[in-house]
Amino acid sequence: MIGRLNHVAIAVPDLEAACAQYRTALGANVGAPQDEPDHGVTVVFIELPNTKIELLYPLGENSPIKGFLDKNPSGGIHHVCYEVDDIIAARDHLKASGARVLGDGEPKIGAHGKPVLFLHPKDFNGTLTELEQV
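Everything in this summary refers to the structure shown in the same document. These numbers come from a predicted model, not from an experiment.

Criteria and thresholds
Think of each chain on its own: its residues are numbered from 1, step by step along the sequence as written. Only residues with pLDDT of at least 70 get local features here, since the model is predicted, and only at 80 or more are side-chain atom pairs given and counted; chain-wide, interface and lining totals rely on the full set of residues. In computing side-chain values, all of the structure's heavy atoms are included and hydrogens and water are not. The way it works is that DSSP assigns letters per residue, a run of H or I at least four long becomes a helix, a run of E at least two long becomes a strand, and they are numbered from the N terminus. Buried means the residue's accessible area, taken with a 1.4 Å probe over protein chains only, is under 20% of the maximum for its type, while exposed means over 50%, and partly exposed covers the values in between. For the purpose of counting charges, residues Lys and Arg are taken to be positive, whereas Asp and Glu are taken to be negative. His and the chain ends are not included. Put simply, a salt bridge is a Lys or Arg side-chain nitrogen that is within 4 Å of an Asp or Glu carboxyl oxygen. The set of buried Ala, Val, Leu, Ile, Met, Phe, Trp, Tyr and Cys residues whose side-chain atoms join them within 4.5 Å is what this entry labels a nonpolar core. Should any heavy atoms of two residues lie within 4.5 Å, those residues are counted as being in contact. Of all possible arcs, the one meant is that of the directions from the helix axis to the C-beta atoms. Pairs of N or O atoms within 3.5 Å make up the polar contacts considered here, provided that, within protein, one atom can donate a hydrogen while the other can accept it, and that residues adjacent in sequence are counted only when both atoms are side-chain atoms.

Observations regarding the side chain of E130
So, point 1. Residue placement: E130 occurs in strand 9 (residues 129–133).
So, point 2. Although E130 is buried, it makes no salt bridge; K52 carries the closest opposite charge, 10 Å away.

Right under this line is the structure:
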C-alpha cells in the first residue's frame, strides 16, 4: 500500500541556521521557506537524490512544532512521510486494521499541495507517520 519515502521531517529551533548548515556544510539544494498556516508550521524542503528533508519551524503560538521543541529544545526527527496512491483507501484500510488517524480523519492539503493524513505514533513503533497522496 505505501510507496516510496517522500520525506523525513526535522523540527528545528532556528530555521535560518538549519538551512545554512544544510546549504554550506552539506552542499544541499535548500528551498525557500514556505508558511503553512493550516498546519502551524513554516517548512523548508531540502532536495536529495532519493528523497527530501523537510525542516519544520513553528508558525504561531499554537503550532504543534512549538510543543515538540519545548520537549526537544535542540530539535529532532518529527515524522516520516510515505506516498500512497489513494489516501482515502489507505485511511480506510488502516482504520480497519486498528490504526488511529489524527485530527478529524479527513485529509488536509499539505505543503506539496496534495492530500495528507497523520497516523498516531503509538500505532507505528513510536513514529509519527504522514501519508501523502501522489
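Side note on the nonpolar core
So, point 1. With 14 residues, the main nonpolar core has Y22, V30, I46, I53 and L55 as its most contacted residues.
So, point 2. Going through the elements one at a time, strand 1 (2–11), helix 1 (15–25), strand 4 (41–47) and strand 5 (52–58) are the ones with two or more residues in this core.
So, point 3. Setting aside residues no more than four positions away along its own chain, L55 makes contact with I10, V12, L15, A18, C19, Y22, T42, V43, V44 and I46.

Here's the deal with helix 2 (residues 64–71)
So, point 1. Within helix 2, burial applies to I65, F68 and L69. The arc enclosing the buried residues of helix 2, seen along the axis, measures out at 95°, which places them on a common side. Along helix 2, the residues that are exposed and aim more than 90 degrees away from the buried face are D70 and K71.
So, point 2. Where helix 2 begins, the capping side chain belongs to S63, and its oxygen is found 3.1 Å from the backbone nitrogen of I65.

Digging into the pattern of salt bridges
So, point 1. For the coordinates displayed, the defined rule picks out 5 salt bridges.
So, point 2. In this structure, R4 and E83 form a salt bridge, with 2.8 Å as the shortest nitrogen-oxygen distance. One end of the pair, R4, is in strand 1; the other, E83, is in strand 6 (residues 76–84), and 79 residues separate them in sequence.
So, point 3. On the accessibility criterion, R4 (42% relative accessible area) is partly exposed.
So, point 4. Of the charged contacts, one joins R100 and D123 as a salt bridge, the two residues approaching to 3.0 Å between their closest N and O atoms. A residue pair is termed long-range when its members are at least 10 positions apart, and R100 in the loop between helix 3 (87–96) and strand 7 (108–109) and D123 in the loop between strand 8 (115–119) and strand 9 qualify at 23 residues.
So, point 5. It is possible to trace a salt-bridge network through shared partners that takes in R91, D92 and E106.

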